[in-house]
Amino acid sequence: MNRPNITKECVKTLYETKIINIYDLQYEEGKHYYNATRRAKEDIVAIKSVEDHKVMLPDAVSCVLVLRQKGEEPKLLLSREYRYPAGQFLLSVPAGLIDEKEMGREEAVKSTAIREIREETGLTVRETDRVEILSPFLFSSPGMTDESNAFVLVETEVDDLNVLNQDGAVGSERFDGFVLLTKEEAERVLRQGCDDEGISYPMITWMALICFVSGLWE
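Bear in mind that the values here come from a model prediction, so they are computed numbers and not experimental data.

Concerning the packing of aromatic side chains
Evaluated as defined, the whole model comprises four aromatic pairs. With 5.3 Å between their ring centres and 70 degrees between their planes, Tyr-82 and Phe-89 make a pair best called edge-to-face. Summarising the aromatic geometry, the rings of Phe-212 and Trp-217 are spaced 5.7 Å apart at their centres and angled 25 degrees between planes, so their arrangement reads as stacked. Across the pair, exposure class does not vary: Phe-212 and Trp-217 are buried alike.

Encoded structure:
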């Protein structure tokens, strides 16, 4: 089946703000599909060509952050971050928007991961640390939005956990501490389907837990 041909002329503005926009994708005469997006009208994914799609930057980067300490088994670092639409502090991975649009795709993804880890955990990723792109582009919820993420693994040595802090939070970000999980503990959280307080977590967190438990990161 041929895909609908959505051009710039097919896109009608319903709502625009600095943070999020809503557009009506009029893909056929009298037929509409609504798209919530972080992107400007001229940059939405729906109007991009197949070739553009293959090289475009994701909106954000999410990190699988694995900490190694001497004499200890590796641990997955998660934070409790307040998510306004959910109304709860949710187990979350270090993550943030890409704002270096002039850079190449791989360079922008990795530099964003390093920046967000520094801001949200206080850790400085060193040149000797492992920084690996697990997936360069993933759609978050393509039935409603063209929002996208890259998924990045960062493995770092930590001498002192006291350096961990969330002082770098900016804007609307709100954090309430860290959760460090061994493989066994991460598997328990996976099986529970929620944190130890009974609160569900984002799909990206589920992916990070699966990656850590399965050994995909090793």
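Looking at helix H2 (residues 105–121)
The terminal C-alpha atoms of H2, which comprises 17 residues, lie 24 Å apart, in line with the 24 Å expected from a rise of 1.5 Å per residue. Listing the buried residues of H2 in full gives Ala-108, Val-109, Thr-112, Ala-113, Arg-115, Glu-116, Ile-117, Glu-120 and Thr-121. In this structure, the buried residues of H2 make contact with strand E4 (60–68), strand E5 (75–83), strand E7 (95–97), strand E8 (130–139), strand E9 (148–157) and strand E10 (175–181). Taken from the residues just after H2, Gly-122 is the one with a positive phi, measuring 80 degrees.

Some points on the pattern of salt bridges
Going through the model one piece at a time under the given rule, you end up with 18 salt bridges. Here Lys-110 makes a salt bridge to Glu-106, at a shortest N to O gap of 3.2 Å. Taken together, the positions of Lys-110 and Glu-106, both in helix H2 and four residues apart, correspond to about one turn of that helix. Residue classification places Lys-110 among the partly exposed positions, given a relative accessible area of 24%.

Observations regarding a nonpolar patch on the surface
A grouping of Leu-14, Tyr-15, Ile-19, Ile-20, Ile-22 and Tyr-34 is seen on the molecular surface, where their side chains present a nonpolar patch of about 590 Å² in accessible area. Mapped onto the secondary structure, Tyr-34 falls in strand E3 (residues 31–37).

Some thoughts on the sheet that holds strand E2 (residues 21–28)
Think of a sheet as strands paired side by side through backbone hydrogen bonds, with each pair either parallel or antiparallel. Strand order in the open sheet formed by three strands is E1-E2-E3, and the pairing between neighbours is antiparallel. The open sheet has two edge strands, strand E1 (11–16) and E3, and neither has a second partner. The mean angle between the axes of side-by-side strands here comes to 25 degrees, regardless of whether they run parallel or antiparallel. Looking at chain direction, E1 and E2 are connected through five bridges and run antiparallel. Paired with Lys-12 across the strands is Asp-24, a residue of E2.

Quick word on the pairing of E5
A regular strand places its side chains on the two faces of the sheet in alternate fashion. Counting buried residues along E5, seven of its nine residues qualify, which places the element largely inside the surrounding structure. Between E4 and the antiparallel strand that follows it, E5, lie six residues; Gly-71 among them carries a positive phi value of about 80 degrees. As paired strands, E5 and E10 are joined by five bridges and run antiparallel to one another. Its bridge partner being in E10, Glu-81 is matched across the sheet by Phe-175. Note: E5 against strand E6 (residues 88–92), five bridges, orientation antiparallel. Bridged to Tyr-82 within E6 is Phe-89. Hairpin connection between E5 and E6: a loop of four residues separates the two successive antiparallel strands, and Gly-87 in this loop has a positive phi of roughly 70 degrees.

Analysis parameters
Residues numbered from 1 in each chain as written. Predicted model: local features only at pLDDT ≥ 70, side-chain atom pairs only at ≥ 80, totals over all residues. Heavy atoms only, no water. Phe/Tyr/Trp six-rings, centres within 6.5 Å; stacked < 30°, edge-to-face > 60°. Buried < 20%, exposed > 50% of the residue type's maximum accessible area, 1.4 Å probe, protein only. Helix = DSSP H or I, 4+ residues; strand = E, 2+ residues; numbered from the N terminus. Expected span 1.5 Å × (residues − 1). Contact = heavy atoms within 4.5 Å. Salt bridge = Lys/Arg side-chain N within 4 Å of Asp/Glu carboxyl O. Patch = residues over 30% accessible without salt bridge, like charges linked within 9 Å, V, L, I, M, F, W, Y side chains within 5 Å. Areas by Shrake-Rupley, 256 points an atom, 1.4 Å probe, with all protein chains shown as cover. Pairing = 2+ DSSP bridges. Axes fitted to C-alpha atoms, helices over the stretch in contact; angles between N-to-C directions.

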